[in-house]
Amino acid sequence: MSNIVRDSEVVELSAPPYFTFGEKVKAKRTIRNDGTYAGKEIGEILAKKGEIGYVVSIGTFLQQFYIYGVEFLESGNRVGMKRKELESTVPRGDAEDELPLPGAYRS
C-alpha cells in the first residue's frame, strides 16, 4: 500500500472543469480495473495508453476532484478519469479557442 499517491493538497473544484463535454481526449497511461468497474476482472485493462475517447460526463469525487466520464472508442469502455490521467488531443490556445462569442464585436 505504500505505492498509493495521495493528492490531498489538490482541490480542483475551485476552478471550472479543465475538459468540456464532447472534448476529444486520450489516456496518458494504461488504466486497469481496480475492482470498481462492474463486469470486468480486477486488473483487466479498461483503456490503453494513448487510446482516444470523448468526455461524456463530468462529476466530482470527495469534494476535491473532477471526474471525467470518458467513452473510449477502441475498447468501448466508459471510464471515470482524473485530469492528470488525460490529455486533450487539441492543443490549448488554438485559434478555435479564441473565437469571439456570438454578438461580440471587435474594434
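Before reading further, recall that the structure is shown in the block above.
The following paragraphs examine the structure supplied in this document. Because the structure is predicted, anything quoted here is derived from the model rather than measured. (Residues numbered from 1 in each chain as written. Predicted model: local features only at pLDDT ≥ 70, side-chain atom pairs only at ≥ 80, totals over all residues. Heavy atoms only, no water.)

Take the pairing of strand β1 (residues 24–27) next. When a strand is regular, its side chains alternate between the sheet's two faces. Residue alternation in β1 divides its side chains into a buried set, V25 and A27, and an unburied set, K24 and K26. Bridge analysis of β1 against strand β4 (residues 52–61) gives three bridges, and the strand direction is antiparallel. Within β4, the residue paired with K26 across the bridge is I52. Bridge count for β1 against strand β7 (residues 86–88) is three bridges, and the pairing is antiparallel. For V25, the partnering residue across the bridge sits in β7 and is S88. (Buried < 20%, exposed > 50% of the residue type's maximum accessible area, 1.4 Å probe, protein only. Helix = DSSP H or I, 4+ residues; strand = E, 2+ residues; numbered from the N terminus. Pairing = 2+ DSSP bridges.)

Looking now at the side chain of N33. As for its position among the elements, N33 is in the loop between β2 (31–32) and β3 (45–47). A distance of 3.2 Å separates a polar side-chain atom of N33 from the backbone nitrogen of T36. When sequence neighbours within four positions are dropped, the list of residues in contact with N33 reads K40, E41, I42, G43, E44 and L46. (Polar contact = N/O pair within 3.5 Å; in protein donor to acceptor, adjacent residues only side chain to side chain. Contact = heavy atoms within 4.5 Å.)

A few words now on the pairing of strand β5 (residues 65–72). Counting buried positions over the eight residues of β5 gives six, a clear majority of the element. Across eight bridges, β4 lies against β5 in antiparallel orientation. Note that in β5 the partner of F61 across the bridge is F65. Counting the residues that bridge the hairpin from β4 to β5 gives three residues, and of these L62 lies at a positive phi of roughly 55 degrees. Where β5 meets strand β6 (residues 78–81), four bridges bridge the pair, whose relative direction is antiparallel. Bridge pairing in β6 links V70 to V79.

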